[in-house]
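Architecture and fold: a report
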Amino acid sequence: MTDPISQIIETVPREFFRSLVENLDAAFVRADTMARQSFSEPERIAMSGQLRHAFCEDAVRNAAAAGGIQSVAGFTEPAGARFSFVAHRGINLIRSNIQSHCGTPRPSRFRRQFAVMNAWLRPIQTDLFKAVQPPPSDELCGIIVATINRNGDQSLPAFVGLGVPFPDLSGWLAFEPIHQVMARYQGFDAEQDVGLGPVVTVTDKAMPRLKRKNEGSEG
């Protein structure tokens, strides 16, 4: 079976994911700070959620810009809201709603439209005697998952990960924490990533030599 996470990292620049983590952290901080400063306790919880949604949408677009790839703020059908997604060479990344678990998000019409792209990863067993057109395999949908600790600190994400859903959003075909996704990029030190490019190891081939007694000093 195709490894969909590998297909994503072979296409999407690593800088996108590095920037995504930074921007999502900043989005949670901004939402928490603004809600505390601007709203009283009865309204704070509801407004915190709305602010997190807005700032996380902005975070995805900013990460796409940092990675040099395209992001779109598309309208839902029927019209009523806008959701940001990243589109790059057949890879389409959308964002889950902020939830307290790592399961697949609510199967809204918007998300179903994207998840159906993954039908080729889970082909349906059909009658062998009937000619069946296989689903196209030139597109793939991934979902960025950020969760919140409902009973603890809400100023930062509790978890950030990348999932590839079943075409009906009933589960994950593949799911990994974002640090594991980043560690897949070859030639990078995932534990000491500073975003400066591949780590180059220089081997010291110099051989030590003892100085003879009759060799004079310089000068």
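Above: the structure in question.
Attention here is on the structure that accompanies the text. (Residues numbered from 1 in each chain as written. Predicted model: local features only at pLDDT ≥ 70, side-chain atom pairs only at ≥ 80, totals over all residues. Heavy atoms only, no water.)

1. Considerations on the sheet that holds strand β4 (residues 140–147)
Reading across from one edge, β1-β2-β3-β4-β5-β6 is the order of the six strands in this open sheet, with mixed pairing throughout. The two strands at the open ends of the sheet, each matched to only one other strand, are β1 (70–75) and β6 (172–177). The mean angle between the axes of side-by-side strands here comes to 25°, regardless of whether they run parallel or antiparallel. Bridge count for strand β3 (residues 91–95) against β4 is five bridges, and the pairing is parallel. By the bridge assignment, Ile94 is partnered in β4 with Ile143. In the packing of helix α2 (residues 14–38) onto the sheet, the strands contacted are β2 (82–88), β3, β4 and β5 (159–165), and the crossing angle to β4 comes to about 35°. Each of β1, β2, β3 and β4 touches helix α3 (residues 41–67); the most contacted strand, β2, lies at about 20° to it. (Pairing = 2+ DSSP bridges. Helix = DSSP H or I, 4+ residues; strand = E, 2+ residues; numbered from the N terminus. Axes fitted to C-alpha atoms, helices over the stretch in contact; angles between N-to-C directions. Contact = heavy atoms within 4.5 Å.)

2. Focus: the layout of surface pockets
Size it by volume and the largest pocket reaches roughly 270 Å³. Around the largest pocket, the lining comprises 17 residues; the ones closest to its centre are His53, Phe83, Asn97, Arg106 and Arg111. For the lining of the largest pocket, the secondary-structure elements that each account for two or more residues are α3 and α4 (109–115). If you tally residues by element for the lining of the largest pocket, the top one is α4, at four residues. When its residues are assigned to classes, the lining of the largest pocket shows three nonpolar, seven polar and seven charged. (1 Å grid on protein atoms, 1.4 Å probe; cavity = no way out; pocket = protein on both sides within 12 Å on 5 of 7 lines; lining within 4 Å. Points joined across faces, edges and corners; volume = space filled by probe spheres on them. Nonpolar A, V, L, I, M, F, W, Y, C, P; charged D, E, K, R; others polar.)

3. Re the packing of aromatic side chains
With the rule as written, the count across this model stands at seven aromatic pairs. Ring plane angle 55° and centroid distance 6.5 Å describe the contact between Phe17 and Tyr185, whose orientation is recorded as tilted. In this pair, Phe17 is assigned in helix α2 and Tyr185 in the segment after α5 (178–183), connecting sequence segments 168 residues apart. A relative accessible area of 0% places Phe17 in the buried class. Members of the aromatic cluster, connected to one another through ring pairs, are Phe83, Phe85, Phe110 and Phe114. The ring of Phe55 carries the charged tip of Arg30 above its face, separated from the ring centre by 3.9 Å. (Phe/Tyr/Trp six-rings, centres within 6.5 Å; stacked < 30°, edge-to-face > 60°. Buried < 20%, exposed > 50% of the residue type's maximum accessible area, 1.4 Å probe, protein only. Lys NZ or Arg CZ within 6 Å of the ring centre and 35° of its normal.)

4. Observations regarding the nonpolar core
Grouped together as the largest cluster of nonpolar side chains are 40 residues, with contacts concentrated most on Ile8, Val12, Phe16, Phe17 and Leu93. Put simply, the parts of the chain that give this core at least two residues each are α1 (4–9), α2, α3, β3, β4, β5, β6 and α5. Among the elements that take part in this core, α2 stands out by supplying eight residues, more than any other. Beyond its immediate sequence surroundings of up to four residues, Phe16 is in contact with Val60, Ala63, Ala64, Gly67, Ile69, Val86, Leu93 and Ile144. Ranked by size, the runner-up nonpolar core spans 12 residues in total, among them Phe83, Phe85, Ile143 and Leu169. (Core = buried A, V, L, I, M, F, W, Y, C linked by side-chain atoms within 4.5 Å.)

5. Overview of unusual backbone geometry
Its identity is not glycine, yet Arg89 carries a phi of approximately 50°, on the positive side. Locating Arg89 in the fold gives a position in the loop between β2 and β3. Look at Leu169: it is not a glycine, yet its phi comes out positive at around 60°. With respect to the element layout, Leu169 can be found in the loop between β5 and β6. The buried category is assigned to Leu169, whose relative accessible area is 5%.

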